[in-house]
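Residue strings, one per chain:
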Amino acid sequence: MVVQWRKTGLISPVLVYRHGHNDTLAQHQDYRARAKLFKDEVTKGNISLRIKNVTRFDEGEYTCSFTEGTEYEDSPAQLQVRGGQILGSPDTSVPPHYTGSSRLPCHFSLDLITEMMKTFCRYRRSCKCGEQRDSNEAINNKFKCVVQYRWLNIQREAIVKISDDIFPAGIPDWVLPLVLTICLLIAAHGAVFYWNVKQNRRIKELERRKYIIENEWKRIRGHKVSVTLDVETAHPRLEVSEDRKRVRWTGTVRSLPDTGKRFTYWSCVLGSEGFTSGRHYWEVEVAGSRRWSLGVAAESVERKRRVTLTPETGVWSIMRLGDGFDAFTSPPSPLPARPIPGRVGVYLSYESGTVSFYDADTKSHLHTFTGNKFTEKLYPFFGPWDEDQWLRICSGSAPGV
């Protein structure tokens, strides 16, 4: 024989009684120590549920199911908790430590609830559970607890007398609403004060970060240098402007002398001046182009054969290929910047072994190559790969220009 008591809204059963024993592993953890059957009554057909220490959270619809062999029956029962606990045989004593909380001590045993559940489970009829109701009525510090089980046509009640120490006489009716209003105003004022303090801290933190960024940006731009393009390194498909500040990919191979400095596989070009020490910063306008690469290249970089343009081969760069935006590593490292910047700043710190990239419009950091030990001359590196779209080195050699 298997008996299950379930409560609507809970996945696990309130109680499972299987072959003469409670199955506590299958039982909901909140009911393991509180929900039991009357073991002496099970053999008589009484499979009523007993719940100890009832709280308001126990309120709801319960279903008793009974399985034996091929027979199966279930019946519903409704448990309501209002004001006090479940009402039945009254115990109306007020404990000495009671301090007048809003819930009056009105305790009852579960005999009536048990009897109602027993009736459903014994006769196994599908009928709607009777209504249970309790109420507290205050007259001269006397509180009457009433329980009505209309389905069983039973009513029980008890009167509780509360001393004047808990409810002093002569307090006007308007005092309690006034006290509650004052408490709510104090709570609201405290919440507003806390919110303002939190917002002020957030604003100060944002201002502090902005100050740090502005000062760092000024420091970086203080190392701005004038960069021009070295036409002798330009790939034959590239066109360099007369002022050597712009370069674009034409798709047409021009007849140029093949010097040892010229790139003949990758469509790249280097800056005219190399660096062997110090800190250097320059900016390149890339707006309109969807395929490009910018960074720094070592003097010994391979220029005639196909190599991967990564730090291992002497190139520290970032690239855009359509909607892709990556640091040129092996494999490529995606960059989080959205939208992709229209003007890129490149910052080389030779002694620190770092190459950093910035969105020059928003002054935000994009990526930094670290952990390098530079030993040879480094040159600005440019790779325009979008046909007829210029990459333009921003003019000016003085800071802030």
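See the structure printed just above.
Residues numbered from 1 in each chain as written. Predicted model: local features only at pLDDT ≥ 70, side-chain atom pairs only at ≥ 80, totals over all residues. Heavy atoms only, no water.

Asks: Would you take a moment to explain a nonpolar patch on the surface for this structure?
Replies: A contiguous nonpolar patch, built from W174, L178, I182 and I186 and spanning about 430 Å² of accessible area, is present on the exposed surface. Here I186 shows up in helix 3 (residues 175–221). Overall, the relative accessible area of 57% leaves I186 in the exposed class. (Patch = residues over 30% accessible without salt bridge, like charges linked within 9 Å, V, L, I, M, F, W, Y side chains within 5 Å. Areas by Shrake-Rupley, 256 points an atom, 1.4 Å probe, with all protein chains shown as cover. Salt bridge = Lys/Arg side-chain N within 4 Å of Asp/Glu carboxyl O. Helix = DSSP H or I, 4+ residues; strand = E, 2+ residues; numbered from the N terminus. Buried < 20%, exposed > 50% of the residue type's maximum accessible area, 1.4 Å probe, protein only.)

Asks: Would you mind going over a positive patch on the surface with me for this structure?
Replies: A cluster of basic side chains, namely K36, K39, R50 and K52, defines a positive patch on the protein surface. Relative to the helices and strands, K36 is located in strand 4 (residues 35–37). A residue is classified by how much of its surface remains accessible, and K36, at 38% relative accessible area, is partly exposed. (Lys, Arg positive; Asp, Glu negative; His and termini not counted. Charge placed at Lys NZ, Arg CZ, Asp CG, Glu CD.)

Asks: How should I be thinking about unusual backbone geometry in this particular structure?
Replies: For residues that are not glycine, phi is negative in most cases, and the peptide bond is trans in most cases. A cis amide bond, omega 0°, links S330 with the succeeding residue P331. Within the fold, P331 resides in the loop between strand 19 (324–327) and strand 20 (333–334). Unlike most non-glycine residues, K363 shows phi in positive territory, near 60°. Mapped onto the elements, K363 comes out in the loop between strand 22 (354–359) and strand 23 (364–369).

Asks: Looking at this model, I keep getting lost on the pattern of salt bridges. Mind explaining?
Replies: Two side chains that carry opposite charge are able to pair once their charged atoms sit near each other. In the structure shown here, the tally under the stated rule is 13 salt bridges. Among the ionic pairs, D230 bridges to K261, the shortest N-O distance being 3.0 Å. With D230 in the loop between helix 3 and strand 13 (238–240) and K261 in the loop between strand 14 (246–249) and strand 15 (269–270), this residue pair connects regions lying 31 residues apart in the sequence. The partly exposed category is assigned to K261, whose relative accessible area is 36%. Here E285 and R392 are joined by a salt bridge, their closest N and O atoms 2.5 Å apart. Highlighted residues: E285 in strand 16 (residues 279–285) and R392 in strand 25 (residues 391–393), separated in sequence by 107 residues. Residue E285 is classed as partly exposed on the basis of its relative accessible area, which comes to 28%. Counted as one network, the salt bridges with shared partners bring together R221, E283, R343 and D361.

Asks: Just checking my understanding: could you explain the sheet that holds strand 16 for this structure?
Replies: In a beta sheet, neighbouring strands are held together by backbone hydrogen bonds and run either parallel or antiparallel to one another. The strand order across the open sheet built from 7 strands is 13-14-25-16-21-22-23, with neighbouring strands paired in antiparallel fashion. Each edge of the open sheet carries a strand with a single partner, namely strand 13 and strand 23. With strand direction ignored, the average angle separating the axes of adjacent strands in the sheet is 20°. As defined by bridge partners, strand 21 (residues 343–349) adjoins strand 22 across 6 bridges and the pair is classed as antiparallel. Counterpart to G345 in the pairing with strand 22 is Y358. (Pairing = 2+ DSSP bridges. Axes fitted to C-alpha atoms, helices over the stretch in contact; angles between N-to-C directions.)

Asks: Would you mind showing me how to read the environment of K261 here?
Replies: Separated by 26 residues in sequence, K261 and H235 place their C-alpha atoms 9.9 Å apart. Not counting residues within four places of it along the chain, the set of residues in contact with K261 comprises D230, E232, T233 and R303. (Contact = heavy atoms within 4.5 Å.)

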